[in-house]
Amino acid sequence: MTVAETPPSSQTFEAAPEPRRRFVERPMAQLVLARLREFFREPEAVFWVYVFPILMIVGLGIAFRNQPAEHVIVDVQSGPQSEAIAKALSADSRFQVKTCDADECRLRLRTGKTQLVVSAVGSPVTYQYQFDPSRPENVVARESVNGALQQAAGRVDPVKSSEKLFTETGGRYVDFLVPGLLGMSLMGGGLWGVGFATVDMRIRKLLKRFLATPMRKGDFLSAIMLSRMLCMIPEVLVLLLFARYAFGVNYYGSYAALLFLIVLGATMFSGLGLLVASRAKTLEAVSGLMNAVMLPMWMLSGIFFTSDRFPAVAQPVIQLLPLTPLINALRSVMLEGSSLASQSGQIAIMGVWSAVSFAVALRIFRWQ
Amino acid sequence: MPSVIRCQDLVKTYEGRPPVEAVRGLDLEVVEGECFGLLGPNGAGKTTTIEIMEGLLAPTSGTVEVLGRQWGREDDAIRQRIGISFQETKLSEKLSVRETLDLFRSFYKQSSDPAQVMEQVELTEKAKTWVGKLSGGQKQRLAVACALVGDPELLFLDEPTTGLDPKSRRQLWEIIRNYRQRGRTVLLTTHYLDEAERLCDQVAIVDRGKVIAKGTPRELIVSLGGEHVIEFTLGDGSNGAGDGLAGDLDLFSRLPTVQSVHMDHGRICLSVGEPHRTLPALLNTLESQHWPLSSLSTRHASLEDVFVKLAGRHLDDDEAPTA
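J.: Residues and numbers for the overall build of chain A, please.
T.: A tally of helices and strands in chain A yields 14 helices and 4 strands. For chain A, whose C-alpha radius of gyration is 31 Å, the value lies well above the compact-globule estimate of 21 Å for 368 residues. With respect to the three principal axes, the spread of C-alpha positions in chain A is 120 × 40 × 40 Å. Relative to its full complement of 368 residues, chain A shows a buried share of 34%. For chain A, restricting intrachain contacts to residue pairs at least 6 apart in sequence, the fraction spanning at least 24 positions comes to 74%.

J.: Provide a residue-level description of the overall build of chain B, including the pertinent values.
T.: The helix and strand inventory of chain B stands at 12 helices and 13 strands. The proportion of buried residues among the 323 residues of chain B is 44%. Considering only contacts in chain B between residues 6 or more positions apart, those separated by 24 or more positions represent 70%.

J.: Kindly report on the domain arrangement of chain A, identifying the contributing residues and their values.
T.: According to the domain assignment, chain A consists of domain 1 (24-64 + 172-364) and domain 2 (72-152). Here the C-alpha centroids of domain 1 of chain A and domain 2 of chain A sit 51 Å apart.

J.: Give me the packing of helix 13 (residues 323-336) of chain A against helix 14 (residues 344-364) of chain A: which residues, what numbers.
T.: Helices that pack against each other are described as a pair by the angle of their axes relative to one another and the distance between those axes. Residue and element names in this part refer to chain A. Packing of helix 13 against helix 14 brings their axes to within 9 Å, and their N-to-C directions diverge by 145 degrees. In this structure, the crossing between helix 13 and helix 14 has a hand that is left-handed. Of the residues in helix 14, those touching helix 13 at Pro325, Leu326, Asn328 and Ala329 are Gln346, Ile347, Ile349 and Met350.

J.: Any chance you could break down the sheet that holds strand 1 (residues 72-77) of chain A for me, citing the residues and the numbers?
T.: All names here are of chain A. Strand order in the open sheet formed by 4 strands is 2-1-3-4, with mixed pairing between adjacent strands. Of all strands in the sheet, those bounded by a partner on one side alone are strand 2 (95-100) and strand 4 (126-130). Averaged over all pairs of adjacent strands, the angle between strand axes in this sheet comes to 30 degrees, irrespective of strand direction. Where strand 1 meets strand 2, 6 bridges bridge the pair, whose relative direction is parallel. Directly across from Val74, in strand 2, lies its bridge partner Val97. This element, helix 4 (residues 82-90), spans strand 1, strand 2 and strand 3 (116-121) of the sheet and lies at about 165 degrees to strand 2.

J.: Give a detailed account of the sheet that holds strand 8 (residues 202-207) of chain B, specifying residues and quantitative values.
T.: All names here are of chain B. Taking strand neighbours across the sheet as the criterion, the 6 strands line up as 5-6-7-3-8-9 in an open arrangement whose pairing is mixed. The open sheet is flanked by strand 5 (82-85) and strand 9 (210-215), the only strands paired with a single partner. Recorded for the sheet is a direction-independent mean angle of 15 degrees between the axes of neighbouring strands. Sheet strands touched by helix 1 (residues 46-53): strand 3 (35-39), strand 6 (154-158), strand 7 (185-190) and strand 8. Its angle to strand 7, the strand with the most contacts, is close to 155 degrees.

J.: Can you tell me about the confidence of the model for chain B, naming the residues and giving the values?
T.: All names here are of chain B. Residue-level pLDDT values for chain B average 88, and 94% of them are 70 or greater. Across chain B, element-level confidence peaks in helix 3 (residues 97-106) with a mean pLDDT of 96 and bottoms out in helix 9 (residues 239-244) with 47. Here residues 237-243 is a poorly scored stretch, pLDDT under 50, and it has 12 contacts once near neighbours within four places are set aside; other chains count. On the interface metric, ipTM, the complex scores 0.84, and its pTM is 0.78.

J.: For the packing of helix 3 of chain B against helix 5 (residues 136-148) of chain B, give the residues involved together with the corresponding values.
T.: Residues and elements named next belong to chain B. As a packed pair, helix 3 and helix 5 sit with axes 9 Å apart at the nearest point and diverge in direction by 30 degrees. Here helix 3 is positioned roughly parallel relative to helix 5, judged by the angle of their axes. Helix 5 is crossed by helix 3, and the crossing has right-handed handedness. Together, Val97, Thr100, Leu101 and Phe104 of helix 3 and Leu142, Ala145 and Cys146 of helix 5 make up the contact between the two elements.

J.: Now, about the interface of chain B and chain A: what can you tell me, with residues and values included?
T.: Every contact between the two is made by 36 residues of chain B and, on the other side, 31 residues of chain A. For the side of chain B that touches chain A, the secondary-structure elements that each account for two or more residues are strand 1 (3-14), strand 4 (61-66), helix 2 (75-79) and helix 3 of chain B. If one sorts the elements of the side of chain B that touches chain A by residue count, helix 3 of chain B sits on top with 5 residues. Residue composition of the side of chain B that touches chain A, grouped by class: 12 nonpolar, 9 polar and 15 charged.

J.: Explain the environment of A:Phe210 to me, and be specific about the residues and the numbers.
T.: Residues and elements named next belong to chain A. Positionally, Phe210 belongs in helix 8 (residues 206-211). In this structure, the C-alpha to C-alpha distance between Phe210 and Ile224, residues 14 residues apart in sequence, is 13 Å. With sequence-adjacent residues up to four places away left out, Phe210 is seen in contact with Met215 and Phe220.

J.: Summarise unusual backbone geometry; cite the residues concerned and give the values.
T.: The peptide bond linking A:Ser123 to A:Pro124 adopts the cis configuration, its omega dihedral lying at 0 degrees. For A:Pro124, the position within the fold is in the loop between strand 3 and strand 4. Residue B:Pro18 is reached from B:Arg17 by a cis peptide bond, and omega for that bond is -5 degrees. Positive phi values are uncommon outside glycine, yet B:Asp151 reaches one of about 50 degrees. Among the secondary structure elements, B:Asp151 is positioned in the loop between helix 5 and strand 6. The backbone phi angle of B:Glu159 is positive, close to 45 degrees, even though this residue is not glycine.

What counts, and where the lines are drawn
Residues numbered from 1 in each chain as written. Chains lettered and ligands numbered in written order. Predicted model: local features only at pLDDT ≥ 70, side-chain atom pairs only at ≥ 80, totals over all residues. Helix = DSSP H or I, 4+ residues; strand = E, 2+ residues; numbered from the N terminus. Rg over C-alpha atoms; globule rule 2.2 N^0.38 Å. Buried ≥ 20, exposed ≤ 12 C-beta atoms within 10 Å, placed from the backbone. Contact = placed C-beta atoms within 7 Å. Domains from an automatic or database assignment. Axes fitted to C-alpha atoms, helices over the stretch in contact; angles between N-to-C directions. Left-handed = near helix turned anticlockwise from the far one by under 90°. Pairing = 2+ DSSP bridges. pLDDT = per-residue confidence, 0-100. Parallel < 35°, antiparallel > 145°, perpendicular 65-115°, else oblique. Nonpolar A, V, L, I, M, F, W, Y, C, P; charged D, E, K, R; others polar.

As C-alpha cells, then:
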C-alpha cells in the first residue's frame, strides 16, 4: 500500500486554513456548554447537589443549636429531709425538681430522664448524689445542685464572682459544621459529577462517538473538569451564603484563601472522579466504587466531628485521606483566620492527590 | 476512479476462550462516488469490519487505507473528512437537535451549516426539541446528521435503518441518495436485502468474516444463472410431500431454461431464465406424474437468493447450516 495515491480532493482540504471561530463555536466551549445544559436540565441532580447540603445545615444546625443552659433536672429521693431539700432547690429557677422513691429514682437515672438524684443520709446529715460520671450534664448537675444546697445551708463564698456573657460566633457546632459540609459537598459533587457522567457517556457509546470525530481527547477531559468547576460555583455560594445569613456563621479568614482551597478541593475530587470512572463499564460498578471511596472519608475525615477523636494509630492514614486535609484547612482558614502558608502541609497532600489521580486516570482511561 | 477505501487481508481475532475470529481475511475496495454495501446476517463480522475501517478497532493483521491514508499515522486528517454513524449511539437526551449539531460541528475544521443539515434530514421543525423527545426515526436521522455536519467526503453508516418503521427507512434512504448526488462516497452495512438492492452500487456479501461474493446487485443476481425464481409446493403442502420428492428434483432441472433446483423449507425452488417457457412444461410434468400442486409463485431473483445459494441458508437464519 502506498500513501502516494491520494485522492485529488484531499488537496482542497490541506489548503483550507482553520476558519476563525467565535469563542462559543470552539470544541471546548461547546463541550462545556453541553455538560452544563445536561446538568441543569436534570431537576433531580440539581436538587441533590444544591438543596441537600442546605437541608443538612438546617437539620443539624437546629438539632445542635446553642441555647441558654437548659434546666437541670434533679430528683429528690423521698426520705428524711426530702421535703426540705426539694424546697431549697425549687427556690432556684435553674432546677426542675421531682420527688420520687428510690426505685423510681434509679430507673429515671438509668433512662436519662433525670440528671441527678439527691438524698440525705446518716447523722449528721450528708447529702448523697447519685449520677453517671460519664455524662457531662450529670457532672454539671452535681456541682450546681451541691452549690445551691450548701448556700441554702448557710455557706458564704470567700470571694465574690460576677459574669460577663460572650456571644461572638465561631465556637458553635454550626460554625464547626459548615467547613465540613463544604468539604463533603466538594467531594460528592466532584466524584458524582465527573464520575457518573463519564461512565454514563461511556455506556451510551457517546465517548466512542466522540472518538470517531476529530475531537481532541484533552479538550474533552478538560471540558468535563471545567464544567464541574462551573457547577461548583453556585453550589458553594448557596452553602456559604445560607450559613452566613441563616445561621450567622462568620468567616474569619481571607476570601482569596477560601477560594483557593475550594478550587483545589474541587480539582482534586474531579481528578478522583475521573480516576474512579476511568475503567468502569456499568453504573452499578461506578456507584460501588464511588461509595467505597467516599465512605471512609465520610466517617473519618471530620465532616461532623473532629477526626482527632479516632485513635492515634489510625491518624497517619486518616490525615492522608483526600478529604481530611481539605476540611482541616477550610476550618483553620474559615474559623481561625489562618493563612494559606500555615496550611502548606495540607495543601501539599491535596496537590499530590490531584496530580496522581489525573495522571493515572489519563493513562488508564477507557474510551469505548 | 480513485479508491477511497482499500482493505487487504483484514483479520480480526478477539482474544478469549475460544478466540473469536470475527473477520477472517477480508479484501475490498470502495471507489469514489459509489455507495458500497456490506450485506450479511447478524454476526457476520460487518460491524467489526466497518469499525476497523473507521479506525476505532485495530485489525489483528492486514492493511486498511482510507482516503489514501493509514490509521495510526494521520488519524486527524482522516477524521476531519469522514462522517460516522453507529448502529447505536444514545446522544444526550437533554440537548436539543440544534445544540447537538452545534456540538458535533465544533470538532471539525470544515463543516456544514447546521441549519442546512437539519434541512437535509428534515429536522428543521425539531431544531429546539430535546433529543429525548424524538421518535426512533428522528433520532436515527439526527445521528446521520451528526455524521453529515462535518461535511464529510466519506460516510460510514452501520445498520442505518435497523429497527425503523418503513416510512423512516424511506426517509433515510432519501438522505443517503441526496448525499451521494454530490459525488460523495458511502459505505454502509445492512442485513436488509431491499436496502442493499435499492441503495448500493456495489455489494459485498459477508458471511462468517469473509466476503463470499462481490459485485453490483444486478451482477450478483445474474450470477445465479436465472433471474427469476419459480417456487411451488406439492400435495397438501406439508414438508413430508416435498421430502418424498427429493429424488425427483432432477426431473425439474431438465425443464426448459432451469438453471438450478433446490429445496427450501419444503418448497421446491427453480432458478429460471425465462419463466414463460418453464411454466407450461412444469405444469405438464406435474400432471403427467399425478402430483397435485398446492401452491405456485414466480418472482424476480433477489440478493437473498444469492446469499442462500452461496451460504446455504437465509440471511435471517441465526443457526449455522447443517453440513
